[in-house]
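Coordinate analysis (summary)
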Amino acid sequence: VMIRPVKLTDAEVLYQLVDRNRANLRIWLPWVDAMHSAQDELNFLDYSVQKMANGGLWMMTILVDQQVVGMIDIHNLEPTEQSGEIGYWLTANLRGQSVMAQALQQLEQLASRQLGLSQLRIITAMTNETSQAVAKRAGYQQIADFEGQVTVANVVQTGLLYVKKLAKITTK
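Residues numbered from 1 in each chain as written. Predicted model: local features only at pLDDT ≥ 70, side-chain atom pairs only at ≥ 80, totals over all residues. Heavy atoms only, no water.

The subject of this paragraph is the pairing of strand 7 (residues 155–165). Counted residue by residue, strand 7 has 8 buried out of 11 residues, so it is predominantly covered. Across 7 bridges, strand 5 (residues 119–125) lies against strand 7 in antiparallel orientation. Bridge assignment links Arg 121 to a residue of strand 7, and that residue is Val 163. (Buried < 20%, exposed > 50% of the residue type's maximum accessible area, 1.4 Å probe, protein only. Helix = DSSP H or I, 4+ residues; strand = E, 2+ residues; numbered from the N terminus. Pairing = 2+ DSSP bridges.)

Encoded structure:
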C-alpha cells in the first residue's frame, strides 16, 4: 500500500472505481451522485491540484500493487491550529484488509513531516461503523458529536468527531 499525490491522468480509473462502487459510496459521500463521467472526475482533480498548489488541500491516491484503489485527503487545513480534517474512500473489495489503515498512517507521517500539522480530525456519520473502526484502530479519540452535521443517504444525521495528536516527526 502506498499513497501519492493525485494526477490528472488518474481521472479515468478513479471515475471507474467510483462508478463500480457507486451504490455503497453514495450512502456516505454526497458528491458521488454528481460524478457522471471521467470528465467530471477530471474537473474535480484539476480543482484539487490547484487547491494543493495553494496549500489548501492534500489529495492523495491510494495504490495497492501499483493499482489505484481509492483516495485519502487532508482538507479544512487550519495553519494557525496546525490541524486538518481527513477524508477517504476505498474500493469495496479491499475494505477490511488494513489498506485504509496503512494509507492513513502514511498520510499522518506526511501531515507531520511535510505540512507541520500536529493534529488531525476525522468526522464520521454515527452509522458509519467502518470509518469509526478505522479511526479508533489508528488511535483517534472520539471527542464530540455534532447533531445534524453529516448527510447519509440524503438524510442529515449526527457526525462523530475523532481527533489524534501527531507525534512530531523531524526530517533528517
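In this section: unusual backbone geometry. Even without glycine at this site, Asn 76 takes up a positive phi of about 50 degrees. Its place among the elements puts Asn 76 in strand 3 (residues 67–78). In this structure, Ser 98 takes a positive phi of about 70 degrees despite not being glycine. Relative to the helices and strands, Ser 98 is located in the loop between strand 4 (83–90) and helix 4 (99–113). For Ser 98, a relative accessible area of 45% corresponds to the partly exposed category.

Moving on, we come to the nonpolar core. Core analysis: the largest hydrophobic core is formed by 27 residues, its most contacted members being Ile 72 and Ile 86. Listing elements by their share of this core, those giving two or more residues are strand 2 (58–64), strand 3, strand 4, helix 4, strand 5, helix 5 (129–137) and strand 7. Ranked by residues supplied to this core, first place goes to helix 4 with 7 residues. Beyond its immediate sequence surroundings of up to four residues, Ile 86 is in contact with Ile 72, Asp 73, Ile 74, His 75, Leu 104, Leu 107, Leu 120, Arg 121, Ile 122 and Tyr 140. In terms of nonpolar packing, the next biggest core, distinct from the first, is built from 19 residues, Leu 14, Val 32, Leu 63 and Met 71 among them. (Core = buried A, V, L, I, M, F, W, Y, C linked by side-chain atoms within 4.5 Å. Contact = heavy atoms within 4.5 Å.)

Moving on, we come to helix 3 (residues 38–53). Between its first and last C-alpha, helix 3 extends 22 Å over 16 residues, near the 22 Å set by a 1.5 Å rise per residue. Looking at helix 3, one finds that the buried residues are Ala 38, Glu 41, Leu 45, Ser 48 and Met 52. Buried residues of helix 3, seen end-on, are gathered within an arc of 80 degrees and therefore sit on one face of the element. Those residues of helix 3 that are buried lie in contact with strand 1 (2–5), helix 1 (11–20), strand 2 and strand 3. A positive phi of about 80 degrees marks Gly 55, the residue just after helix 3. (Expected span 1.5 Å × (residues − 1). Arc of directions from axis to C-beta.)

Right, let's talk about the environment of Gly 56 for a bit. Within the secondary structure layout, Gly 56 lies in the loop between helix 3 and strand 2. C-alpha separation for the pair Gly 56 and Asn 76, spaced 20 residues apart in sequence, amounts to 7.3 Å. If sequence neighbours within four positions are ignored, Gly 56 has contacts with Lys 51 and Leu 77.

Note that every value here comes from positions in space, so none of it alone points to a role or purpose.
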